[in-house]
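Analysis of the macromolecular model
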Amino acid sequence: MYSVELKGLKKAYGKQIALKELNLKVEQGVIFGLVGPNGAGKSTTIHILSGLLKPDKGEVFIFGEDLKTHETSIKRKLGVVSQELALFENLSAYENVSFFLKLYGIRGKENKLKTEQALEYVGLSDKAKKKAKTFSGGMKRRLHIACAIAHKPQLIIMDEPTVGIDPQSRNHILSTIELLNKEGATVIYTTHYMEEVEAICNPIAIIDHGSLLIEGSKETLKEEIYEKQQISLEMKEWDENLLTSLREVRGIEEVAWQGNVLELTFPKEINCLPEIIRKIEKSNKEIKMLTTKVPNLEDVFLKLTGRTLRD
Ligand SMILES: Nc1ncnc2c1ncn2[C@@H]1O[C@H](COP(=O)(O)OP(=O)(O)OP(=O)(O)O)[C@@H](O)[C@H]1O
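Predicted model only: the values in this text are computed from it and were never measured. (Residues numbered from 1 in each chain as written. Predicted model: local features only at pLDDT ≥ 70, side-chain atom pairs only at ≥ 80, totals over all residues.)

1. Details of the overall build of the chain
- Tallying secondary structure elements over the chain gives 11 helices and 14 strands in all.
- Here the chain has a C-alpha radius of gyration of 25 Å; the compact-globule value for 311 residues is 19 Å, and the former is much larger.
- Dimensions along the principal axes, computed over C-alpha positions, put the chain at roughly 80 × 45 × 35 Å.
- In the chain, buried positions account for 35% of the 311 residues. (Helix = DSSP H or I, 4+ residues; strand = E, 2+ residues; numbered from the N terminus. Rg over C-alpha atoms; globule rule 2.2 N^0.38 Å. Buried ≥ 20, exposed ≤ 12 C-beta atoms within 10 Å, placed from the backbone.)

The following block contains the structure:
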């Protein structure tokens, strides 16, 4: 059973099509990165998943249940960290979390226990008695997360939870997500920071113009997208004769240089390296260092969408 299954989701705001026909499956127990350029349809998808918005067409299944017919039971399993903060400024951190738990019917001892645990998860235990209005932006964001996850949801949906906050709170949030995931929660995570996706998400889905472009493990995406191999050779010295002989290596596509570094490109399926090494030895030149360019997710994203994630 999938934690989330979206089938043929369509949504338009007037003439503006936000989701063309989105199909997506999220396995249980993963931190699923949902990324896409501005206007790709991520927030629309998340709003539909959280029941805030109805799709024009298509189906949403959460843990096998249809969102249309099982909204109440699904909502108990769901924790949504939206972009908008929903906190009571004049209540303490403890009172805020406790209030949200009461909305789920959690009272008494269990309420106390879960409130304390949630504050601990986000690193605010020592600020439990302080009013939300005295908190920095990053601390408010962490409190907001505590409120959303205190009832121990099986599925946590996070819409850019680290935008515009200090590095300390950001690191706290990332490790909270990893902790919640280790304890069994599935997390759907959207962000404009590709380094966060690299650090905590797997698998990922890239969407654009309201449709899925690609979905898979980070490793598979890099492998599939990257058709070329690139190596850099830092040379003690090199000359034109060496460049000419490297250009003759079977399969080589490009020989470029920057200072003392030669950059060679060849197709993934041809191993040009032994021949390259032979040519260099023959020329009596010395390699100081050899590095392989490893593609990153930003390369994958750029190739598929024509933009960088933060464009
Ligand atoms: N309330 C609305 N009214 C009209 N158009 C909207 C509305 N909300 C979103 N859209 C449009 O729908 C498309 C998808 O928007 P959505 O907010 O889902 O994208 P996104 O991927 O979350 O973008 P971002 O990364 O900028 O948050 C965009 O073209 C957007 O302009």
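2. Describing the domain arrangement of the chain
- What the domain assignment reports for the chain is domain 1 (4-219) and domain 2 (227-294).
- Look at where the C-alpha atoms of domain 1 and domain 2 centre, and you get two points 47 Å apart. (Domains from an automatic or database assignment.)

3. Considering the site of the ligand
- In the vicinity of the ligand, the contacting residues are Tyr13, Gln16, Ala18, Gly36, Asn38, Gly39, Ala40, Gly41, Lys42, Ser43 and Thr44.
- Elements represented by at least two residues in the shell around the ligand include exactly strand 2 (16-26) and helix 1 (42-49).
- The element contributing the most residues to the shell around the ligand is helix 1, with 3 residues.
- For the shell around the ligand, a count of residues per class yields 3 nonpolar, 7 polar and 1 charged. (Near = placed C-beta within 6 Å. Nonpolar A, V, L, I, M, F, W, Y, C, P; charged D, E, K, R; others polar.)

4. Topic: the pairing of strand 1 (residues 4-13)
- When strand 1 meets strand 4 (residues 57-62), the two strands line up antiparallel, connected through 5 bridges. Its bridge partner lying in strand 4, Glu5 is registered against Phe61.
- Relative to strand 2, strand 1 runs antiparallel, the two being bridged by 7 bridges. What sits directly across from Tyr13, in strand 2, is Gln16.
- Hairpin connection between strand 1 and strand 2: a loop of 2 residues separates the two successive antiparallel strands, and Gly14 in this loop has a positive phi of roughly 60°. (Pairing = 2+ DSSP bridges.)

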